[in-house]
Amino acid sequence: MFLCTIFQMNHKKRGITMPKKLVIVESPAKAKTIEKFLGDDYSVMSSKGHIRDLKEKEFSVDLNNNYKPLYEIPADKQELVNNLQKAADKSDIIWLASDEDREGEAIAWHLYEVLGLTEAKTRRIVFHEITKTAIQKAIENPRHINLNLVDAQQARRVLDRIVGFELSPVLWKKIKPALSAGRVQSVTVRLVVEREREINNFKAEASYRVTAIFNVTDTQGKDVELKSELSKRFTTKEEAKSFLEACINTTFTIEQIETKPAKQTPAPPFTTSTLQQEASRKFGFPVGLTMRIAQKLYEAGKITYMRTDSVNLSDLALGTAKQEIIEMAGEKYHTFRQYHTKSKGAQEAHEAIRPTYINQHAIEGTLQEKKLYDLIWKRTIASQMSDAQIEKTTISINVNGKTEKFVSTGEIIKFDGFLKVYLESTDDDQEQEAKGILPKLSLNQPLQLISAEAQERFTQHPPRYTEASLVRKLEELGIGRPSTYAPTISTIQNREYVDKKEIENPPRTYELITLRKGQIKEEIKKEKVTIEKGKLSPTSIGFVVNDFLTQHFPDIMNYNFTAKVENDFDEIAEGKINWTKSIDNFYKAFHPSVEEAMINTGKKAGERQLGIDPKTGKPVFVKIGRFGAVVQIGEKSPVEKPQFASLRSNQTLETITLEEALDLFKLPMTLGQYENESITVSVGRFGPYIRYGKTFISLPKGQDPLEMTIEKAIELIKAKRITDANRQIKSFDEDNILILNGRFGAYITQNGKNYKIPKDMTPAELTLEDCKRLITEAAAKPKKQLAKGMKHFKKTTKK
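Residues numbered from 1 in each chain as written. Predicted model: local features only at pLDDT ≥ 70, side-chain atom pairs only at ≥ 80, totals over all residues. Heavy atoms only, no water.

Overview of the overall build of the chain
So, point 1. When helices and strands are counted, the chain shows 21 helices and 30 strands.
So, point 2. Principal-axis analysis of the C-alpha atoms gives the chain an extent of 105 × 80 × 75 Å.
So, point 3. The buried share among the 799 residues of the chain stands at 45%.
So, point 4. When the accessible surface of the chain is summed, it comes to about 44,100 Å², and 50% of that surface belongs to carbon and sulfur atoms.
So, point 5. The averaged location of the 108 negative side-chain charges in the chain is 4 Å from the averaged location of its 123 positive side-chain charges. (Helix = DSSP H or I, 4+ residues; strand = E, 2+ residues; numbered from the N terminus. Buried < 20%, exposed > 50% of the residue type's maximum accessible area, 1.4 Å probe, protein only. Areas by Shrake-Rupley, 256 points an atom, 1.4 Å probe, with all protein chains shown as cover. Lys, Arg positive; Asp, Glu negative; His and termini not counted. Charge placed at Lys NZ, Arg CZ, Asp CG, Glu CD.)

Given below as structure tokens:
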């Protein structure tokens, strides 16, 4: 590199023009980072992703011409393409440096085609980390564009376009307008729907768990307490009570003490899916957010390429990790580990996600970037550390006259190993009881029972998916690839097929039988309310769309079929099969089923009758209406129109009962009068509320609007008045100007328009003249800023 720089300087002195070299990457941030590592004779530009794609609102696949994709350059990319074209025409060599996955390969190919490049002046380079060494190595070892990878990307794009454009009109006709379907998204919704139905059909079974606390003298002569649990659970209350009664006048002795070593092994370095799962479990990050942060870290040169299903680490990374571990903790903490990828079709990259510089323990950046980097660093380092050595002890306690045994377990960490740095989380959100150190005891030693209790416990329904556990399931089934998990999960939520929400489980009563001082006491207790956070649950539309597609397009909704399609893409990428032949085989089987569904599916899907309204004698239906799930009383006729009511956010077509449906027609409900104004309670788009004159007040979370009383409503009105009074800092009634406290600080408002107050001004001290001056200054700001803001707003809204 130094020789190259001297060579450039000498040529500049002689007035010789150096060859112009253009490097094109897909991201402005990546371009900025790479530019630091290249000389002055390199120009780095960004394509900002794909410069052309299938036409947005058209089918854009020529079925009569071997499924040829019909690409176009979007209007908002035309100026960028023109600039790239001018730069390419002036350059002697063009380096296409987009990402090394199939999407990146397709970006490079589109650039090659659109810019009219030639093989003589084009170089394709890839690197999985943005470092000076990696980029120089890539430039020294260019290759041709891999057309097999391009074909695999085109096959995915074309197949998904065919499925989306052919299935969506069927949904519009048979369910409701504006719905969409997709090859991977529909199967993902099916997973969530089937899990919800498992939960709805689940029947909890009760059993009695018996625990005891003993007093015992340890080998040092000290009295200690020992907690223990019976090895058997009883199915009935009578059995549990009978056992406790038998414990009143019996003896307890230590029958067995077993101590054995165990070890815990570190998890491998991160792949895309395991990073998404762990960030979700540890920080609550949605998978889309994790990928956006990881993208920023990669483009800033902080971590290696973030779309990968490889767990391999380079020799350089292994060597650096060893050095860091020895310096940090000592030689005994290091164990060399070479991981190998087990997943089928691993193709995205050739190394796991790791810090670019492993000796860099922390980075500068946002809090989220710091947290994710720290997680990646710890996981990488831990993967090369020694096993944790654990000693597990089990004490078995004999109950005289009974076959059941009490068992106490404990464990201690003899050597922490990788646990010094990192421990992987799990999706199991059930409370795990900590296992502590057990006292030193002897065989046949007697114990004195302090207390025992038999608590009624219930089996738990299968857990709802979180984003993390759903990613793991998709990977397990072979559905999608690292680059598709995050957009798929975002899509099914954005299209309102699936909700991510907090789900409150109502408390149950349970029986508790306690034995203390020879006396048995029976009580009925109530569980605490449990809340499932960040759980994925299907909406009514999600249920209906899933059932319709499963009935009429079983192949598309088949897990094995979807996984097979992914395997076909892998084989296309390896050059084993022709992509158009693969699409042709699919289309010839798929298209006839679309035509049949359009003709023979009868009435609209999702409608079911709940029963008869006792007041009117008319049938009560639930169905998908124009604006979502509704209850309908009566049928459409020339004489009379049906009544409609929208379902609440916590209700679905799947589970709503006739009684719950009829309750929806009780709203809006008049509660009474207060200060000569009527108070009504109702449910709107954003939840239940009360209306008092022109004032709308949301009901507290958990408050059932049907149980609302006039007294509770008046309390809410009074509380609202106090809040509003505290909100107003100052008023100038003659000019209709108010100074108010807002969510983001104080502001001025006049005639429905709001104005900022500068930070160096105290809101309570502002005069009428001050307010008028600030309003005038705000109104006089250049219209250019407003236009720019509107352009951004429209662009964001469109997205």
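Quick notes on helix 15 (residues 540-552)
So, point 1. The end-to-end C-alpha distance of helix 15 is 19 Å, a good match for the 18 Å that 13 residues give at a rise of 1.5 Å each.
So, point 2. Of the positions making up helix 15, those classed as buried are Ser540, Ile541, Gly542, Phe543, Val544, Val545, Asn546, Phe548 and Leu549. (Expected span 1.5 Å × (residues − 1).)

Considering the sheet that holds strand 24 (residues 677-684)
Strand pairing in a sheet is mediated by backbone hydrogen bonds. Such pairs are either parallel or antiparallel.
So, point 1. On the basis of which strands lie adjacent, the open sheet formed by 4 strands has the order 23-24-25-26 and antiparallel pairing. Each end of this open sheet is capped by a strand with a single partner; those strands are strand 23 (669-674) and strand 26 (695-698). On average, each strand axis in the sheet is tilted by 25 degrees relative to the strand beside it, whichever way the strands run.
So, point 2. With 4 bridges connecting them, strand 25 (residues 687-692) and strand 26 associate as antiparallel partners. Counterpart to tyrosine 689 in the pairing with strand 26 is serine 698.
So, point 3. Along the sheet face, helix 19 (residues 710-727) touches strand 23, strand 24, strand 25 and strand 26 and points at about 60 degrees away from the line of strand 23. (Pairing = 2+ DSSP bridges. Axes fitted to C-alpha atoms, helices over the stretch in contact; angles between N-to-C directions. Contact = heavy atoms within 4.5 Å.)

Examining the sheet that holds strand 27 (residues 728-732)
So, point 1. The strand order 27-28-29-30 describes an open sheet built from 4 strands, whose pairing is antiparallel. The sheet terminates laterally at strand 27 and strand 30 (753-756), the two strands that pair on one side only. Neighbour to neighbour, the strand axes of the sheet diverge by 25 degrees on average, direction disregarded.
So, point 2. Against the sheet, helix 19 touches strand 27, strand 28 (737-742) and strand 29 (745-750), its axis set at about 70 degrees to strand 27.
So, point 3. Running at roughly 80 degrees to strand 28, helix 20 (residues 768-779) makes contact with strand 27, strand 28, strand 29 and strand 30 of the sheet.

Quick look at the pattern of salt bridges
A side chain of one charge can pair with a side chain of the opposite charge when the charged atoms of the two come close.
So, point 1. For the structure shown, the criterion picks out 50 salt bridges.
So, point 2. A salt bridge links arginine 233 to glutamate 229; the shortest N-O distance between them is 3.9 Å.
So, point 3. Judged by relative accessible area, which is 27%, glutamate 229 ranks as partly exposed.
So, point 4. With its nearest N and O atoms 3.9 Å apart, the salt bridge here joins glutamate 523 to lysine 525.
So, point 5. A relative accessible area of 23% means that glutamate 523 is categorised as partly exposed.
So, point 6. Each of Glu26, Lys30, Asp99, Asp101 and Arg307 takes part in one network of salt bridges that share partners. (Salt bridge = Lys/Arg side-chain N within 4 Å of Asp/Glu carboxyl O.)

Thoughts on the side chain of aspartate 570
So, point 1. Mapping aspartate 570 onto the fold places it in helix 16 (residues 559-573).
So, point 2. By relative accessible area, which is 6% here, aspartate 570 ends up buried.
So, point 3. Side chain to side chain, aspartate 570 and arginine 481 meet in a polar contact 2.6 Å long. (Polar contact = N/O pair within 3.5 Å; in protein donor to acceptor, adjacent residues only side chain to side chain.)

Let's talk about the environment of alanine 106
So, point 1. Along the chain, alanine 106 turns up in helix 4 (residues 102-114).
So, point 2. The exposure class assigned to alanine 106 is buried, which follows from its relative accessible area of 0%.
So, point 3. Along the sequence, alanine 106 and alanine 645 sit 539 residues apart, while their C-alpha atoms lie 49 Å from each other.
So, point 4. Contacts of alanine 106, omitting those with residues within four sequence positions, involve His50, Val150 and Gln153.

Focus on the environment of valine 126
So, point 1. With respect to the helices and strands, the residue valine 126 is situated in the loop between strand 8 (122-124) and helix 5 (132-140).
So, point 2. Residue valine 126 is classed as partly exposed on the basis of its relative accessible area of 26%.
So, point 3. When the C-alpha positions of valine 126 and alanine 138 are compared, they lie 6.1 Å apart, and in sequence the two are 12 residues distant.
So, point 4. Once you skip the residues sitting within four places of it in the chain, valine 126 turns out to touch Ser98, Glu100, Ala138 and Arg143.

A short note on the packing of aromatic side chains
So, point 1. Per the stated rule, a full pass over the model turns up 16 aromatic pairs.
So, point 2. Between tyrosine 333 and phenylalanine 415 the ring centres are 4.7 Å apart and the planes differ by 45 degrees, which places this aromatic pair in the tilted class. Linking tyrosine 333 in the loop between helix 11 (315-329) and helix 12 (367-382) with phenylalanine 415 in strand 13 (residues 405-415), this pair joins segments that are 82 residues apart in sequence.
So, point 3. On the accessibility criterion, tyrosine 333 (8% relative accessible area) is buried. (Phe/Tyr/Trp six-rings, centres within 6.5 Å; stacked < 30°, edge-to-face > 60°.)

Quick word on empty space enclosed by the protein
So, point 1. This model, assessed by the stated rule, comprises 2 cavities of 30 Å³ or more.
So, point 2. Forming the boundary of the largest cavity are Ser180, Ala181, Gln185, Ser186, Val189, Tyr497, Val545, Asn546, Leu549 and Met557.
So, point 3. Taken together, the elements giving at least two residues each to the lining of the largest cavity come down to helix 7 (183-200) and helix 15.
So, point 4. Grouping the amino acids of the lining of the largest cavity by side-chain chemistry returns 6 nonpolar, 4 polar and no charged. (1 Å grid on protein atoms, 1.4 Å probe; cavity = no way out; pocket = protein on both sides within 12 Å on 5 of 7 lines; lining within 4 Å. Points joined across faces, edges and corners; volume = space filled by probe spheres on them. Nonpolar A, V, L, I, M, F, W, Y, C, P; charged D, E, K, R; others polar.)

Observations regarding the pairing of strand 1 (residues 21-25)
So, point 1. For strand 1, the tally of buried residues reaches 5 of 5 residues, placing the bulk of the element in the interior.
So, point 2. Side chains of strand 1 alternate between two faces, with Lys21, Val23 and Val25 and Leu22 and Ile24 buried alike.
So, point 3. For strand 1 and strand 7 (residues 93-96), the ladder comprises 4 bridges, and the chain directions are parallel. Paired with valine 23 across the two strands is tryptophan 95, which belongs to strand 7.

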